Structures are given as C-alpha cells and as structure tokens.
Amino acid sequence: MSSMLSASHEEQDAGVVEQICGYLTDVPPRSFFLFAGAGSGKTRTLIEVLRRLTGLLSEYAPGVEYARRLRGRGQTIRVITYTNTAVEVIRGRLGHNRLVVVSTIHSFAWELIQGFDHDIRTELTAEALRKLDEAVTAAKSRKKGPTQRDEATIARLEERLDELRMVGRFTYSPDRQVYGEGALQHQQVLQLLAALLNSRPTLARVLCDKHPVVLIDESQDTTRGVLDALTSVAEAPGRTLSLGLLGDHRQRIYADGHRDLPTAIPASWERPALHMNHRSAKRVVRLINCIWNAELPGRTQRADGGEQHPRSERREGWVRLFVGRAGLSAEQKIACELLCAAHMANVTGDRSWEQHGSGYRILALEHKLAARRAGFYELAVALERADKGRVWERGRARDGSDGGPTPIRVFMDALAALRGAVQFDGSVDGFGAMELLRQHGRLRQLSRLGAEAQKQRMRGLDAAVHGVAACFSAGHDPTLRELLRRVVDANLFDVHEKLFGALDAPPSGAADDGSREGGGSDDPWARVLDRPWSELERYRDYLADRLSYGTHQGVKGEEYRHVQVILDDSEAGGFLFSYDKLLGAQELSKTDLENEATGSETTIDRTVRLLYVTCSRPTDSLAIVYWSANPKAALAAIRNGDWFSEEEVVQIDDLLSESSVGVRSLSRKSAVATP
C-alpha cells in the first residue's frame, strides 16, 4: 500500500513541470506559487521549465513557439534567487541560454533602478524628511526639552538632506559595500525597487517589456516590499508580466520575508505543489513531518503545507537524539559530540561517522558556535568587534575576494596566495611569487627605474617574499601582526588604512571571549592582528565551505549523507530562538505568551523552522545533540511526544559511563576535536 502511495505521488510530481509551462504559455498567461518542500527537486523542476520554455526540447511545441516570440521581441525570462552560489548552480545546470537571465535579487534590483537618479533622490529625500519630521516631533514632545541625542539625530538628518541634494549619480555594487557620495547600501536598493515599482509606472513598463516572466526562487525569504510590488505589477489591469514564486514557507529564515507566504498570494493564482522528498531516508522524512505538524505551546504559524513522502526505494535510515547538560564547558561538549558521532558509527555501521571533519556535516545555530568547533573562535570574536559588516559573508565574490571584512583582504587573498607558493621545505616557488607580485601591481613601475634601481627593488621584493616564507618555517605559526609587519616594511602588497594604526599598537591582551585582560590596545583591529595565521586559514576554509561546519541558517538547499545538529541555546547567546522552550526544558516567557495571544510570530515559530531546515538536510542518518539547561524536564517532554522512539533518545551521561570517560577528563581529550 505504501509503495503504491509513494508511486502515485511520484507520478503527481512528474506532471508539475508541464503544469507550470501551461500556465506561462496560456493566453493570457497565469502567475503561480509552487510549494516545494525540502528535497523535493525544486531546482530540477525550475531547470526543466526553463528548458521547455526556451525551445531546448523540440518535442514541446508550445515552448518552441514561446521561445520564437521571446527572440522576436528581444525579451528574456528572468530568474531571481538569493545568493551568488544559487545563481551559479542554476546557470551550471541550465547551460548557456540567451533567453534566460539568472541573478541575485540585489543585482536584479540595481539593474532596474540604475540610472533613475532623480527618482532615487526623490525617494531618499522623502524618507529623510519623514525621519527628520519624526525626530523633531519627538524632541518637541519632551518635557525637559530636546536631549543631546535628539539634537545629534536632527543634525545628522539635516546633513543627510544636504548630501542628497548634491548627489549627481548614485552608485552600488551587489557584491560588496561601496562608500562615498551617492553610495547605496544593499537594503536601500531593495527598498528603492519596491518604492519605485509602486510609484513610477515607467519602471514597471521597463520590467514588463524586458521580462514577461519573472521566476523567484526561495520566495519565502524575498523582502515583503519587493514581493508585494512585483505582485502588484503582475496583477495590474492589462498586465503583461507573469510572476512565478517557488519556495517553502516552512524554510523561511529571514524576518523581512512574508510571515505566511501562502496567505499573501492572490486567490486567483495557480498553486502547484511538489510532495515527494527525493533526498532523505524514510525515517528522516517522518521526523520532519512530525516537527512541522506538531501542535506546540507558543506556536502561531499554521502547521500546513502538506505531508512529504519519501521515495519508495529509499532505505529506512537512522535518527538519534542525544541529550546532555548545557553547563559543561565548550571543550567538554566538543569531546562529547565526538562520542555521539562514535555511537552513530556503531548504530549505522558506517565508518564515516568516525571521520571528524570530513565524514559528516556539523550544523550549529550560530556562526561563533561553529567557529569554536572549527578552531577560530578567538579570531571570529575579534573580527566581530572590529567589523561586523562582512565577517560571515561566505563564498567567493565577483570582486575576486574570498569574503570577510575588507581590511583583512591582504591576508585572505594576497598573503594566502603567497603562503601557497611556499614549499614544504621552506623554499619559494619563484614563478608563482613573481606572478602574484605582478597581479598586485608591484612590477608595474620597474620599467621607469634605472637598471640599478630595478635590481635593488627586485632584491627588496625577493627578500620580503623569503621573509614571509621564513615566518612559516619549522612549523612556526606566525601572528597576523608578524606577517603584516613584513608586508608593510617592504611595501609588498596594498594594506588597508585601518590596519596601519593597529600594527603599531601594543598587544591587545584579548581573552578567549574577546574581553580585555591586562590592559592592551583599544584598537579592535589590534586584537585581530594578534591572532595566529592558523586561525585565519580555518576562517578562510569556513567561508569557502571547505570545513564540515555550517549554520542552521546557512545550509538551506544543501544536502549531506550524515548530519550532526548541535542545539545549544547557552552558546548561541541569542533570544530569537530557543530549543529549550521548543523541547520542553523551559517555560514560555511573558513575551512569548503575549505574542501567542496576539497571533504574532513567536520564539517557537522561528525555532521550529530552523529545526525543520536542519533535520531535512541528511540523506542517510541524523544525529541531534541537544545541550539542555534542564535535561530531566527535556527528557520527560521528549518521551511524552511522538517525535522519537525510546531507543532513539540517548543520554550523553550514559555514553560517558559506557566509555569509562569522566567529564573532568574530557577537557584534556578535547584537543582531538579541533581540526
């Protein structure tokens, strides 16, 4: 019976591609929302739709005709997604296709509004005037008169208005922050797109003329204002735009998306759905269904969306929940997590669980929790204090950087490349080093120098390169300060101005948690420079996704054979999520109860979505390691529920007893957890 049920759903999902193509090639075309749960093949469905609509499948006659009309009118289908990585995945699977333009939402927004400088200035001026009016009103309402903060706010807004009047051209980059006169920031561009689409009919016509179809991936995380504005364009009388939204409201991560996207979609839209889960083992699919359908105290988001069904040929799979005490030290927890992985190796019979750092994926709630386990926590704390803007930007950007804050690019790019030119025996690949110097403009002015000056400059560069290489000799792990000093003294690479002052500052004396200890410099970048190179290497690997660690928010759309999920409110240090509340170890707060009473989003709503995302990542086996402030209460609540069977719930204290390893000895053994 179950096999027949699964087969019917597989057949039902197989027809979704034709359904969507029918919506878009009909006269008039129709807009739609595709509900696509975790592992349902959303990207595959999107690619197949695009292949048909652009005439790549000659047997699909409506698509051949549709592609002919697109070419005749000079139009393209626009596909919008959230990250550069997702853009590259779609482009890679689709191949070269001139009738499809794929980009991030920020690139799409800027492409539309770029050049509308007068309209941009008008919108920004109106916003600044509104804020100024609010600030003046608030200042006048105070019984004792305006405060110094009021006066500073009013002065800043007046200065902003003066600046806007002087801007001739606005600038923006989707891949990095830009500064200076007329520079726009990421969120501003999205806000401007929404405002201009609503207030400037010309912009809406430009959009419709260029792209008769706009398909938005991960639509549940698309900014509400942008989504509402695009919907208004698609719903306008005489419309020529078809909007296709693809997503899963159960996987919404960002707060600026629609809280319940299905209820925000016009009733006239089509609503196809993908019910199959092609990714995960049967036990994992049953668990994520239980998580989403659970009726929980404090939950206000509707438990709808439909059951997912595993493929009939999938294995049963394994799920285990390990419960331990949140009061253990970070080092003790890391060691216990290794014991949990060893237990999974015995349960599954798969030795991959014994390969820490490569055999399974570790997902943590927050970046710093992952950083502690990956061995660069102190650097992460220092970077967050110095520059919060780009600390956790992952993946290689179009500007050629490997992410991270701009001031440390000299380490992330130039010095990392130079480190790669240093051989195991300490010698230097001269050709590689010379090419690196050429790329960074250090050989550009040699031709202007005399022969002797050229030789002298080359000797200086060669000495500097070998000096950097010497820092890594005999297993030495230099600090970033040591390396930067050699770079600056020889003018080897360009160095950001923020690092010059930090270079001559006294050692920071930063403690493990980033707090000041024993005096030291107040310059936050000095704390960064005092960290060792090995931490920067692990940080680079983390940003480039070369480590086995990730965050709950950062793995949506990804899949792995084996996953270990770390639930630890005490280390995450936030208030937006709480696994202790979700799993019954802690009572709901007054705010939670008030939000529940008013139907507002609660801590439970946000935490359920995160748990759903993480537990839907594995294909074979899932280990959830839950560090609870009240393990006794948590275990009672868990065993009273239907998420896990009795054999699937494991107390970490029992693992310690079985392994004959005491809690006190774990700190000494925890070094094995650091890669």
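One numbering rule holds for all chains: residues counted from 1, following each sequence as written. Only residues with pLDDT of at least 70 are given local features in this predicted model, and only at 80 or more are side-chain atom pairs given and counted; all residues enter the totals for whole chains, interfaces and linings. The side-chain numbers reported here are obtained from all heavy atoms of the structure, hydrogens and water having been left aside.

Trainee: Whenever I open this one, the sheet that holds strand β1 (residues 32-36) confuses me. Can you help?
Mentor: Strand pairing in a sheet relies on backbone hydrogen bonds. The paired strands run either parallel or antiparallel. We treat two strands as partners when DSSP finds at least two bridges between them. Secondary structure counts use DSSP, requiring at least four H or I residues in a row for a helix and at least two E residues in a row for a strand, with both numbered from the N terminus. Taking strand neighbours across the sheet as the criterion, the six strands line up as β3-β2-β4-β5-β1-β6 in an open arrangement whose pairing is parallel. In this open sheet, the two strands that pair with only one neighbour each are β3 (100-104) and β6 (273-274). Two strands pair when backbone bridges link them, and strand β2 (residues 77-81) and β3 are joined in this way by five bridges, in the parallel orientation. Bridged to Val 79 within β3 is Val 102. Contact criterion: two residues are considered in contact whenever any of their non-hydrogen atoms come within 4.5 Å of each other. Axis geometry follows a simple rule: fit a line to the C-alpha atoms, using only the stretch in contact for helices, then measure angles between N-to-C directions, giving values from 0 to 180 degrees. This element, helix α11 (residues 224-235), spans β4 (213-216) and β5 (242-247) of the sheet and lies at about 145° to β5.

Trainee: How do you make sense of the nonpolar core when you look at a structure like this?
Mentor: The criterion is simple. A nonpolar core is a set of buried Ala, Val, Leu, Ile, Met, Phe, Trp, Tyr and Cys residues joined through side-chain atoms within 4.5 Å. The rule is simple: take the accessible area with a 1.4 Å probe, protein chains only, and divide by the maximum for that residue type; under 20% is buried, over 50% is exposed, in between is partly exposed. Formed by 75 residues in total, the largest nonpolar core has its most connected members in Phe 411, Leu 492, Phe 493 and Tyr 539. The element contributing the most residues to this core is helix α17 (residues 409-420), with seven residues. Counting 49 residues, the second-largest nonpolar core is a separate cluster that includes Phe 33, Ala 139, Leu 203 and Leu 261.

Trainee: Would you mind showing me how to read the sheet that holds strand β11 (residues 549-551) here?
Mentor: What the six strands build is an open sheet, ordered β11-β10-β12-β13-β9-β14; its pairing is parallel. The open sheet has two edge strands, β11 and β14 (649-651), and neither has a second partner. Neighbour to neighbour, the strand axes of the sheet diverge by 25° on average, direction disregarded. Sheet analysis places strand β10 (residues 361-364) next to strand β12 (residues 560-568), joined by four bridges and oriented parallel. Directly across from Leu 363, in β12, lies its bridge partner Val 565. Set on the sheet, helix α15 (residues 367-374) makes contact with β10, β11, β12 and β13 (618-628); between it and β11 the angle comes to about 170°.

Trainee: Where do I start with the confidence of the model for the protein in this structure?
Mentor: Detailed reading of the predicted coordinates is not advisable wherever pLDDT falls low. For the protein, mean pLDDT is 85; residues scoring 70 or higher make up 89% of the total. Residue-level confidence of the predictor is summarised by pLDDT, bounded by 0 at the bottom and 100 at the top. Segment residues 668-675: pLDDT under 50, and 14 contacts once partners within four positions in sequence are set aside and those in other chains are kept.

Trainee: Whenever I open this one, the layout of surface pockets confuses me. Can you help?
Mentor: As a volume, the second largest pocket reaches approximately 440 Å³. Each cavity reported here is a set of points on a 1 Å grid over the protein atoms alone in which a 1.4 Å probe fits but cannot get out, each pocket an open set with protein on both sides within 12 Å along at least five of seven lines, and each lining residue one with an atom within 4 Å of a point. Leu 296, Leu 582, Leu 583, Gly 584 and Ala 637 are, among the 20 residues lining the second largest pocket, the residues nearest its centre. Among the secondary structure elements, those contributing two or more residues to the lining of the second largest pocket are α13 (282-293), α25 (579-582) and α28 (631-640). For the lining of the second largest pocket, the class distribution of residues is 12 nonpolar, five polar and three charged. Grid points are joined across faces, edges and corners, and a volume is the space filled by probe spheres set on the points. Following the grouping adopted for this structure description, the nonpolar residues are Ala, Val, Leu, Ile, Met, Phe, Trp, Tyr, Cys and Pro, the charged ones are Asp, Glu, Lys and Arg, and the polar ones are all others, Gly among them.

Trainee: Help me out: how do you make sense of the pairing of β4 in this one?
Mentor: Regular strands place their side chains on alternate faces of the sheet. Alternating positions in β4 separate into two faces, Val 213 and Leu 215 on one and Val 214 and Ile 216 on the other, with burial throughout. The sheet contact formed by β2 and β4 spans three bridges and is parallel. For Val 79, the partnering residue across the bridge sits in β4 and is Leu 215. Across four bridges, β4 lies against β5 in parallel orientation. Of the residues in β5, the one forming a bridge with Val 213 is Ser 242. Seen with its strands pointing away from the viewer, a crossover is right-handed if its path from the first strand over the helix to the second goes clockwise. On the question of chirality, the crossover connecting β4 to the parallel β5 by way of α11 is right-handed.

Trainee: Explain unusual backbone geometry here, please?
Mentor: With the exception of glycine, most residues fall at negative phi, and the peptide bonds are largely trans. The linkage connecting Val 27 with the following residue, Pro 28, adopts the cis geometry, with an omega of -5°. With respect to the element layout, Pro 28 can be found in the loop between α2 (16-25) and β1. With phi around 50°, Glu 218 is a residue other than glycine that occupies positive phi space. With respect to the helices, strands and loops of the structure, Glu 218 is situated in the loop between β4 and α11. Positive phi is not limited to glycine here, since Asn 491 has a value of about 50°. Considering the arrangement of structural elements, one finds Asn 491 in the loop between α20 (480-490) and α21 (497-503). A relative accessible area of 43% places Asn 491 in the partly exposed class.

Trainee: Help me understand the packing of aromatic side chains, please; the structure alone is not making it clear to me.
Mentor: The geometry of an aromatic ring pair comes down to the distance between the two centres and the angle between the two planes. Centres within 6.5 Å are what make two rings of Phe, Tyr or Trp a pair, Trp counting through its six-membered ring; a difference in plane orientation under 30 degrees is then read as stacked, over 60 as edge-to-face, and the rest as tilted. Taken as a whole, this structure holds eight aromatic pairs when the rule is applied. Taking 4.7 Å as the distance between ring centres and 25° as the angle between the ring planes, the aromatic pair formed by Trp 353 and Tyr 360 counts as stacked. For the pair Phe 472 and Trp 533, a centre-to-centre distance of 5.6 Å together with 70° between the ring planes defines the contact as edge-to-face. Remark: Trp 533 occurs in helix α23 (residues 533-543) and Phe 472 occurs in the loop between α19 (451-471) and α20; sequence separation between them is 61 residues.

Trainee: Please explain the packing of α2 against helix α3 (residues 42-53) as it appears in this structure.
Mentor: Helix packing for two helices is described by the angle between their axes and how far apart those axes are. The contact between α2 and α3 brings their axes to 9 Å, and the two run at 45°. Taken together, the axes of α2 and α3 lie oblique to each other. When you trace α2 past α3, the crossing you get is right-handed. In this structure, α2 contributes Val 16, Val 17, Glu 18, Ile 20, Cys 21, Leu 24 and Thr 25 to the contact, and α3 contributes Thr 45, Glu 48, Val 49, Arg 52 and Leu 53. Considered class by class, the residues forming the contact of α2 with α3 number seven nonpolar, two polar and three charged. Each angle receives one of four descriptions, namely roughly parallel if under 35 degrees, roughly antiparallel if over 145, roughly perpendicular if within 65 to 115, and oblique otherwise. The crossing is said to be left-handed when, going from far helix to near helix, the turn is anticlockwise and less than a right angle, and right-handed when the turn is clockwise.

Trainee: For this particular structure, what's the right way to read the side chain of Thr 607?
Mentor: With respect to the element layout, Thr 607 can be found in helix α27 (residues 603-615). With residues up to four places along the chain from it excluded, the contact list for Thr 607 reads Leu 576, Phe 577, Ser 578, Tyr 579 and Leu 582.

Trainee: What's the story with the environment of Ser 616 in this structure? I'm lost.
Mentor: If you trace the backbone, Ser 616 turns up in the loop between α27 and β13. What Ser 616 contacts, discounting residues up to four positions off in sequence, is Ala 38, Arg 279, Ser 280 and Ile 288. For this analysis, a polar contact is any N or O atom pair within 3.5 Å, provided that within protein one partner can donate a hydrogen and the other can accept it, and provided that sequence-adjacent residues contribute only side-chain to side-chain pairs. Of the polar contacts made by the side chain of Ser 616, one reaches the backbone oxygen of Val 613; its length is 2.9 Å. A distance of 2.8 Å separates polar atoms of two side chains, one belonging to Ser 616 and the other to Arg 617.

Trainee: Would you mind showing me how to read the pattern of salt bridges here?
Mentor: Opposite charge on two side chains makes pairing possible when the charged atoms of those side chains draw close. In what follows, salt bridge is the name for a side-chain nitrogen of Lys or Arg lying within 4 Å of a carboxyl oxygen of Asp or Glu. Applying the stated rule across the entire model yields 44 salt bridges. Note that Arg 91 and Glu 88 form a salt bridge whose closest N and O atoms lie 3.3 Å from each other. One end of the pair, Arg 91, and the other, Glu 88, are both in helix α5 (residues 84-94), three residues apart, so they sit about a helical turn from each other. Across the salt bridge formed by Arg 485 and Asp 489, the nearest N and O atoms sit 3.6 Å from each other. Of the two residues, Arg 485 and Asp 489 are both situated in helix α20; the distance of four residues between them amounts to about one turn of the helix. What emerges from the salt-bridge pattern is a single network uniting Glu 18, Glu 48, Arg 51 and Arg 52.

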